[in-house]
Amino acid sequence: MDGIVNKERAIRAIVKQAVEAYASGFSDRHLREVDDEDGTINMKIHNVFIAALGADIQYYSALSRSLDSSLGNMLEKMAINIATLNFEVTQHVEGVIYQDQTDYIAELLESYKNTKGVNHRKPSVSDYLGISGRNKALNHSKRHESDYYLKDSETDMHYLIELKIGGDLDNKKARSEKEALLEQYCILANTLGSEKNIKICFATAYNRYGEGNPWTQGRVRQFFADEELLISSKFWNLVCKSERGYEIVLDEYKKNACLIIDALDRIKKAYLPGM
């Protein structure tokens, strides 16, 4: 019981620290740039078509893009820090991959893409099970940068995770992300000598369709199977290694969100002093 309580405290401490640092850094950066025409906000407020809608719309339009991007970066780093409580965390995979394997991956991805062809496949984990046995042709060493490579020392499970905060992918990116994960899968399987405890995942920090609702984005579903999706709560529960992970993270974030609101208010007063 003490272990569970201590883990929750550690998760909450990481979330609180991440929000505090983000609010302070976001505010300081934009306040320093008030008189800088090349500043993040100032560079984006000279769209005359947006400006015609009013100074407040112009400001919020520029700020929202900056907020969305930087907040996503903060969430990615925060998730990594939380994961270190429970996993060995690495952000790359390096080793041997065989030409037979890369050829099969290309063939597989083409069958996912060709939705109207006779060779079309709906993505399934079973599609690539046994791919480590395709090792008869030439091989070469390759290194892949990874969002998250998590190793659970208790279960010996290995998770290769591609995180897209909101899940937005076009067809080209969906294919390339799956290709990268499958190559990482091969490299890791070749290194470990087994595919048994390797899982590849496409993850999002929140569900754009609403928590608990089905994830229906076609561009993702075209290349990723249901078993490969870690949407919102499933992602946070995994990195927290707790069935309450999402609940804990969101609760602590909400408790400290006032710090970001205060930072936004300071920025607004600097850029829109008369409003």
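Residues numbered from 1 in each chain as written. Predicted model: local features only at pLDDT ≥ 70, side-chain atom pairs only at ≥ 80, totals over all residues. Heavy atoms only, no water.

### Section: the side chain of Asn 86
Along the chain, Asn 86 falls in the loop between helix H3 (55–83) and strand E1 (88–98). Assessed through its relative accessible area of 14%, Asn 86 is described here as buried. At 3.1 Å, the side chain of Asn 86 forms a polar contact with the backbone oxygen of Val 239. From its side chain, Asn 86 meets the backbone oxygen of Cys 240 in a polar contact 3.2 Å long. Setting aside chain neighbours within four positions, we find Asn 86 in contact with Lys 7, Val 239, Cys 240 and Lys 241. (Helix = DSSP H or I, 4+ residues; strand = E, 2+ residues; numbered from the N terminus. Buried < 20%, exposed > 50% of the residue type's maximum accessible area, 1.4 Å probe, protein only. Polar contact = N/O pair within 3.5 Å; in protein donor to acceptor, adjacent residues only side chain to side chain. Contact = heavy atoms within 4.5 Å.)

### Describing helix H7 (residues 233–240)
Every α-helical turn comprises 3.6 residues, leaving residues that sit three or four positions apart pointing alike. With six of eight residues buried, H7 is to be regarded as a mostly interior element. Looking one or two places after H7, you find Lys 241, whose phi comes out positive at around 50°.

### Notes on the environment of Glu 243
Topologically, Glu 243 is positioned in the loop between H7 and helix H8 (245–271). Here Glu 243 falls in the exposed class, since its relative accessible area comes to 77%. When the C-alpha atoms of Glu 243 and Ser 233 are compared, they prove to be 8.8 Å apart, with 10 residues separating the residues in sequence.

### Some words on the environment of Gln 91
Relative to the helices and strands, Gln 91 is located in strand E1. Relative accessible area serves as the criterion here: at 39%, Gln 91 is assigned to the partly exposed category. Along the primary structure Gln 91 and Asp 147 are separated by 56 residues, whereas in three dimensions their C-alpha atoms are 5.7 Å apart. Excluding its chain neighbours within four sequence positions, the residues that come into contact with Gln 91 are Ile 80, His 144, Glu 145, Ser 146 and Asp 147. Polar contacts involving the side chain of Gln 91 include one to the main-chain carbonyl oxygen of Asp 147, which spans 3.1 Å.

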